Amino acid sequence: GANLYLVPQTLYKLHPDFDQLLRGVLEADPAGVVAMPAAQIDGWTAAATARLTSALGPTLRPRLFLVRRLSFDEFTHLARLAHVVLDPFPVGGGRSSFEVFSVATPVIMLFPRTSILQLTRGMYAAMGLEDGEGSTWGDDLPSLVTHSPSEFVATAVAVGTNATLRARLNGAIAESNHRIYDREDVVEEWSEFIYYATAAPRPAAHRWW
């Protein structure tokens, strides 16, 4: 009966400011729970857990769950169960967003703080699910690319708590996600790059001292 907010990134990607967004989501949605994977290194998990425990406090901390490392099939199943995926910053989702979109789960990102490879935003643009030229996003649907912490929290909770809205978002992503997978032009561009990169001899190592 809970609303599942999934943060599918490795723990070192979580900026301390992101902790406050998790707190905002859990405060605004009493039925919300957050799940994220444990780190590959136990010490990282312990450090992140201590920080999150301090940020969330004793009332909200019990609604944060760390799950073991998952296989691909387990991860996509968990992503399908999630009501919302929360993209951390400054490094957002890359491969994980590709995997999440394959099961049509909405991903909320904070645009100004995602300063390293805004791949999730690029995927939305490629699917036509972002405001702008070529968009098929309905005017009555919220943008999942947010521009302030308060908008991030409000959008995440709106999607997480509204089954009707979520079903429409799931449908829009499911109808459009082929645009980020079936891309012959991307294959051709990568082929050209690899040919170019391997055609010239490898440069000699250079000593800077």
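Quick summary incoming for the structure in this document.

What counts, and at which threshold
- All residue numbers here refer to positions counted from 1 along the written sequence of the relevant chain.
- Two thresholds apply to this predicted model, a pLDDT of at least 70 for residue-level local features and 80 or more for giving and counting side-chain atom pairs, whereas whole-chain, interface and lining totals are computed over all residues.
- Side-chain measures here rest on the full set of heavy atoms in the structure, leaving out hydrogens and waters.
- To qualify as a helix, a DSSP run of H or I must reach at least 4 residues; to qualify as a strand, a run of E must reach at least 2; elements of each kind are numbered from the N terminus.
- Burial classes: relative accessible area under 20% of the type maximum marks a residue as buried, over 50% as exposed, and values in between as partly exposed (1.4 Å probe, protein chains only).
- Whether two residues are in contact is decided by their heavy atoms, any of which lying within 4.5 Å being enough.
- Residue burial considers only the protein chains on display, and all accessible areas are found by Shrake-Rupley using a 1.4 Å probe.
- By this definition, two strands are paired if DSSP reports at least two bridges between them.
- For helices, the axis comes from a line fit to the C-alpha atoms of the stretch in contact; other axes are also lines fit to C-alpha atoms, and the angle between any two N-to-C directions lies between 0 and 180 degrees.
- Patch building starts from residues that exceed 30% relative accessible area and form no salt bridge, then joins like charges within 9 Å and nonpolar side chains (Val, Leu, Ile, Met, Phe, Trp, Tyr) within 5 Å.
- By salt bridge we mean one thing: a side-chain nitrogen of Lys or Arg within 4 Å of a carboxyl oxygen of Asp or Glu.
- For this analysis, a nonpolar core means a set of buried residues of the types Ala, Val, Leu, Ile, Met, Phe, Trp, Tyr and Cys, connected via side-chain atoms within 4.5 Å.
- An angle counts as roughly parallel when it lies under 35 degrees, as roughly antiparallel when it exceeds 145, as roughly perpendicular when it falls between 65 and 115, and as oblique in every other case.

### Focus: the overall build of the chain
Right, on to step 1. Counting secondary structure elements, the chain contains 8 helices and 6 strands.
Right, on to step 2. Tracing the chain from N to C terminus, the helices and strands come up as β-α-β-α-β-α-β-α-β-α-β-α-α-α.
Right, on to step 3. Buried positions account for 45% of the 209 residues belonging to the chain.
Right, on to step 4. In the chain, the share of contacts with a sequence separation of at least 24, taken over all contacts with a separation of at least 6, comes to 72%.
Right, on to step 5. For the chain, the accessible area works out to roughly 11,600 Å², and carbon and sulfur atoms hold 57% of it.

### With respect to the sheet that holds strand β5 (residues 107-110)
Adjacent strands of a sheet pair through backbone hydrogen bonds, lying either parallel or antiparallel.
Right, on to step 1. Strand order in the open sheet formed by 6 strands is β3-β2-β1-β4-β5-β6, with parallel pairing between adjacent strands. Each edge of the open sheet is held by one strand with a lone partner, namely β3 (64-67) and β6 (145-146).
Right, on to step 2. Note that strand β2 (residues 32-37) and β3 share 4 bridges and pair parallel. By the bridge assignment for β3, Val-34 is matched with Leu-64.
Right, on to step 3. Lying over the sheet, helix α1 (residues 16-28) contacts β1 (3-6), β2, β4 (84-86) and β5, oriented at roughly 145° with respect to β2.
Right, on to step 4. Helix-sheet contacts for helix α2 (residues 42-60) involve β2 and β3, and the interaxial angle to β3 is about 160°.

### Some points on a nonpolar patch on the surface
Right, on to step 1. On the surface, Val-186, Trp-190, Phe-193, Ile-194 and Tyr-196 cluster together to form a nonpolar patch covering roughly 580 Å² of accessible area.
Right, on to step 2. Summarising the element assignment, Phe-193 is placed in helix α8 (residues 184-199).

### A word on unusual backbone geometry
Right, on to step 1. With omega at 5°, the peptide bond leading from Phe-89 into Pro-90 counts as cis.
Right, on to step 2. Considering the arrangement of structural elements, one finds Pro-90 in the loop between β4 and α4 (95-101).
Right, on to step 3. In the Ramachandran plot, Ala-104 falls in the positive-phi region, its phi being about 65° despite a non-glycine side chain.
Right, on to step 4. A positive phi angle, near 55°, is found at Leu-117, a position not held by glycine.
Right, on to step 5. Mapped onto the secondary structure, Leu-117 falls in the loop between β5 and α5 (119-127).

### Section: the nonpolar core
Right, on to step 1. With 54 residues, the main nonpolar core has Phe-18, Leu-22, Met-36 and Leu-86 as its most contacted residues.
Right, on to step 2. Aside from chain neighbours lying at most four places away, what touches Leu-86 is Tyr-5, Leu-6, Val-7, Pro-8, Phe-18, Leu-22, Ile-108, Phe-152 and Ala-156.

### Observations concerning the packing of helix α6 (residues 149-161) against helix α7 (residues 163-176)
Right, on to step 1. It is the contact of α6 with α7, at a shortest axis distance of 5 Å, that shows an interaxial angle of 100°. Classified by the angle between their axes, α6 and α7 sit roughly perpendicular to one another. Counted together, Ala-158, Val-159, Gly-160 and Thr-161 of α6 and Ala-163, Leu-165, Arg-166 and Leu-169 of α7 form the full contact between these two elements.

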